[in-house]
Amino acid sequence: MSKRPMLQFVSTAKEMPLKRDADSRAHDFDEIYAEYAAEKAAEQASRCSQCGVPYCQTHCPLHNNIPDWLRLTAEGRLQEAYEMSQATNTFPEICGRICPQDRLCEGNCVIEQSGHGTVTIGAVEKYITDTAWDNGWVQPIAPREERPESVGIIGAGPGGLAAADVLRRAGVQVTVYDRHDRAGGLLTYGIPGFKLEKDVVMRRVEQLEQGGVEFVLNCNVGVDISFDAIRGKHDAVLIATGVYKSRAMQAPGVGAAGIVRAIDYLTASNRVGFGDSVAEYESGELNASGKRVVVIGGGDTAMDCVRTAIRQGAQSVKCLYRRDRANMPGSQREVQNAEEEGVEFVWLTAPNGFAGNPVEGVMVQKMRLGAPDATGRQSPEVIEGADYVEPADLVIKALGFEPEDLPTLWGETALEVTRWGTIKADFRSHETSLPGVFAVGDIVRGASLVVWAIRDGREAADSILTYLSQPAQVAAE
């Protein structure tokens, strides 16, 4: 850490009166932190080697021009750096906070590969975009001219919002339908606030609203409005529902009280963060306070659960995963953060049942890694006679998500899906088997990353604009 900001902090502190109001103290802290952040951003950006083959850029799903906006940041040209970042990424401040950079851009930085520590690309991306908001550089959505065509977007997650931004800037009339009472999808209700502050998400939603995007919330397609009605109302439709169906677990006692789904647990926690009254949280059903918590799973959702439980004041938090650390699908950075916060990882273990109702313990089987499976990963095998019971008052199932059966739920059997239940869509245009209907994000890919959903949404919006520019075809339909 540079000594300069710390010296300024001490100097400023000596000059402060002993009694000051909270707003003044907060203002002083913000000024000091801003100067420190600016110095660290420039310092990190200047470490970029401007290599001939920018692996950071090629391993970014959005192919952000990372070396160039790092160079601009190092030179103090922050507005230009922001504008370059925004050109390829609809929500850079969100990606800067939640992208698994250790698996993408930062993990492929040539400086990291040479053993000198990566350039902290995500932190710089977050900094320049937050600075852009603070300084009024973020341009409102103001189409040069309005177009008569309208597009209905089902799902207000990152894919749907990214598409809405591109389409609205082109002057298209956009309506977004979502089952929740707030837009944002998993950005709002799935990802914890300590990783992604909710005002950051709501700020982008407000920008879209002020730019003319209409949000129809608390709207469950197939119940409150039919899919046919949405198709009839709009010239094109984009499906961006994500995947919310939790993978089921078959084990004795799985239905006991105190065994909950990760999505329910995280949604309750985020609602409480918004100031909502959540009966299941207040009753303790979805609250880890004072409890022995066991989380089952090894992905990023499991990491969100264990770190949330720590913040809720759990007595202990353990994470069971059937493979070892090296084979864990979640971010290694997240695992390290969780360990530093007091989470215990119990590798090579899997649940075999549950004791008590309400739950009192998890029956655990010890595992070992055997031969590789079809994907090349080593398959876990049970070690006979090595079972034990892990005490637990709250068990959170974080086993991943599957797509809902949309053709059945929406009464649209012509909407083709894969054998996994995801929607079939052209990988270039994102158009589905239904003319004028497009699909993006997890409902096509399966559970994936926010940055991929943003890329899909931007690409689909471009395809929709091309589709809408073919009046003869639209009229014929």
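Right, let's walk through the structure included here. Not measured: the values here are computed from a predicted model. (Residues numbered from 1 in each chain as written. Predicted model: local features only at pLDDT ≥ 70, side-chain atom pairs only at ≥ 80, totals over all residues. Heavy atoms only, no water.)

What follows deals with the nonpolar core. Counting residues in hydrophobic clusters, the biggest one holds 71 residues, and the most contacted among them are Leu70, Ile153, Leu167 and Phe215. The element that contributes the greatest number of residues to this core is helix α19 (residues 450-468), accounting for 9 residues. Not counting residues up to four positions away in its chain, the partners in contact with Phe215 are Ala156, Leu161, Val176, Ala183, Val205, Leu208 and Glu209. Among the nonpolar cores identified, the runner-up in size contains 27 residues, and Val306, Val317, Tyr321 and Ala398 belong to it. (Core = buried A, V, L, I, M, F, W, Y, C linked by side-chain atoms within 4.5 Å. Buried < 20%, exposed > 50% of the residue type's maximum accessible area, 1.4 Å probe, protein only. Helix = DSSP H or I, 4+ residues; strand = E, 2+ residues; numbered from the N terminus. Contact = heavy atoms within 4.5 Å.)

A word on the sheet that holds strand β4 (residues 236-239). An order of β3-β2-β1-β4-β16 is seen for the 5 strands of this open sheet, with the pairing classed as parallel. Looking along the sheet, the strands with just one partner apiece sit at the ends: β3 (214-216) and β16 (437-439). The mean angle between the axes of side-by-side strands here comes to 20°, regardless of whether they run parallel or antiparallel. With 4 bridges joining them, strand β1 (residues 150-154) and β4 adopt parallel strand pairing. Each residue of the ladder has a partner; that of Val151, found in β4, is Ala236. (Pairing = 2+ DSSP bridges. Axes fitted to C-alpha atoms, helices over the stretch in contact; angles between N-to-C directions.)

Moving on, we get to unusual backbone geometry. Omega for the bond connecting Asn357 with Pro358 falls within 30 degrees of zero, at 5°, which places this linkage in the cis form. Although it is not a glycine, His63 sits at a positive phi angle of roughly 50°. As for its placement among the helices and strands, His63 is situated in the loop between α3 (55-58) and α4 (66-74). Even without being glycine, His430 reaches a positive phi, approximately 70°.

Sheet strands line up and pair through hydrogen bonds in the backbone, either parallel or antiparallel. With parallel pairing, 5 strands are arranged side by side in an open sheet as β6-β14-β7-β8-β9. Among the strands making up the open sheet, the edge pair consists of β6 (259-261) and β9 (344-347). Geometrically, the sheet is characterised by an average inter-axis angle of 25° between neighbouring strands, direction not taken into account. Note that strand β8 (residues 316-321) and β9 share 4 bridges and pair parallel. Of the residues in β9, the one forming a bridge with Leu320 is Val346. Against the sheet, helix α15 (residues 300-311) contacts β7 (292-296), β8, β9 and β14 (394-397), and its axis sits at roughly 170° relative to β8.

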